[in-house]
Amino acid sequence: MRLGILGSGSGSNMQAILDGVADGSIPAEIALVLSDNPQGYILERAKKAGIPTGIIDCRGFKSKYPEEAQAETAAALKAAGVDLVCLAGFMRLVREPLLEAFPNRIINIHPALLPAFPGLRAIEQAVDYGVKVFGVTVHFVDEGVDTGPIIAQTSVPVRDDDTEESLSERILVQEHRLYPDVIRRFAEGDLS
Ligand code: GRF
């Protein structure tokens, strides 16, 4: 199985997937890492590991993912022979034509127990709301904002003294376990 990973930030989830590939626990290969953020550390991590990288040119739009850019992303992923697209901290909404190019083959990790707290600043909102149980979700990507079918979730208890920062740290630890595990299940044919 060939993986394509899209991210905008530090790429710690990409690193966790990469580590799983390197130690043989994920029977797959990372074929391409793309970022809409040329400064994203995700690109550095991929380059260090010798993985091909590319920049997604969003034509100067701050948060929009223009259709032409999505078509270019789809073409690059196809050219790299990608079977499964993993969004890992990717900050733009994927729509057609990218969705059409990889039907049921794009997954995302979201720092919340969906359907609670979709979208941006999920952890901040959860701390403000005072939830006692929080968590992580891996789901298929559809046209909505974090609305696609749920594949796997892990819960994380919230402590009374938790801040956005302290909860984020524990959430990331769980993300780095859950995402590689879901991808392993895909690669082993246990998920489709
Ligand atoms: C993660 O919390 C992910 O769930 C969210 O953005 C963060 C990305 O972190 N969508 P990283 O770039 O993988 O370190």
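The structure this text deals with has already been given above.
Every value quoted in this text rests on a predicted model; they were computed, and no experiment measured them.

Undergrad: Kindly report on the site of the ligand, identifying the contributing residues and their values.
TA: What surrounds the ligand is the set Gly9, Ser10, Gly11, Ser12, Asn13, Gly89, Ile109, Pro111 and Glu175. A distance of 2.6 Å separates an oxygen atom of the ligand from a polar side-chain atom of Ser10. Between the ligand and Ile109 there is a distance of 3.4 Å, counted from an oxygen atom to a backbone nitrogen or oxygen. Protein contacts shield 81% of the accessible area of the ligand, which totals 370 Å² for the unbound molecule. Comparing atom positions with the cavity grids shows the ligand to sit within the largest pocket.

Undergrad: Tell me about the pairing of strand E4 (residues 84-87), residues and numbers included.
TA: Side chains of E4 alternate between two faces, with Leu84 and Cys86 and Val85 and Leu87 buried alike. Note: strand E1 (residues 2-7) against E4, four bridges, orientation parallel. The residue bridging Gly4 from the neighbouring strand is Val85, located in E4. Here three bridges tie E4 to strand E5 (residues 106-110), and the two strands are oriented parallel to one another. Note that in E5 the partner of Leu87 across the bridge is Asn108.

Undergrad: Report on the layout of surface pockets, specifying residues and quantitative values.
TA: The computed volume of the largest pocket comes to approximately 1000 Å³. Lining the largest pocket are 38 residues, and of these Gly89, Phe90, Met91, Pro111 and Leu120 lie nearest its centre. Per-element tally for the lining of the largest pocket: the top contributor is helix H6 (residues 164-187), with four residues.

Undergrad: Go over the pattern of salt bridges with me, naming the residues and quoting the values.
TA: With the rule as written, the count across this model stands at 11 salt bridges. Here Arg59 ties to Glu72 by a salt bridge, and the two come within 2.7 Å at their closest N and O atoms. Taken as a pair, Arg59 in the loop between strand E3 (53-55) and helix H3 (67-79) and Glu72 in helix H3 lie far apart in primary sequence, 13 residues in all. Residue classification places Glu72 among the partly exposed residues on the basis of a relative accessible area of 40%.

Undergrad: An account of the environment of Leu6 is requested, with residue identities and associated values reported.
TA: Relative to the assigned elements, Leu6 resides in strand E1. Along the backbone, Leu6 and Arg184 are 178 residues apart, and their C-alpha atoms lie at a distance of 18 Å.

Undergrad: So, the packing of helix H1 (residues 12-22) against H6: which residues are in play, and what are the values?
TA: The contact between H1 and H6 brings their axes to 9 Å, and the two run at 45 degrees. Judged on the interaxial angle alone, H6 and H1 are oblique. Crossing geometry of H1 relative to H6 is assigned as right-handed. Contact residues: Ser12, Asn13, Ala16 and Ile17 in H1; Leu172, Glu175, His176, Tyr179, Pro180 and Ile183 in H6. The residue inventory of the contact of H1 with H6, partitioned by class, reads six nonpolar, three polar and one charged.

Cut-offs used in this document
Residues numbered from 1 in each chain as written. Predicted model: local features only at pLDDT ≥ 70, side-chain atom pairs only at ≥ 80, totals over all residues. Heavy atoms only, no water. Near = heavy atom within 4 Å. Polar contact = N/O pair within 3.5 Å; in protein donor to acceptor, adjacent residues only side chain to side chain. Areas by Shrake-Rupley, 256 points an atom, 1.4 Å probe, with all protein chains shown as cover. 1 Å grid on protein atoms, 1.4 Å probe; cavity = no way out; pocket = protein on both sides within 12 Å on 5 of 7 lines; lining within 4 Å. Sits in = over half its atoms within 2 Å of the grid points. Buried < 20%, exposed > 50% of the residue type's maximum accessible area, 1.4 Å probe, protein only. Helix = DSSP H or I, 4+ residues; strand = E, 2+ residues; numbered from the N terminus. Pairing = 2+ DSSP bridges. Points joined across faces, edges and corners; volume = space filled by probe spheres on them. Salt bridge = Lys/Arg side-chain N within 4 Å of Asp/Glu carboxyl O. Axes fitted to C-alpha atoms, helices over the stretch in contact; angles between N-to-C directions. Parallel < 35°, antiparallel > 145°, perpendicular 65-115°, else oblique. Left-handed = near helix turned anticlockwise from the far one by under 90°. Contact = heavy atoms within 4.5 Å. Nonpolar A, V, L, I, M, F, W, Y, C, P; charged D, E, K, R; others polar.

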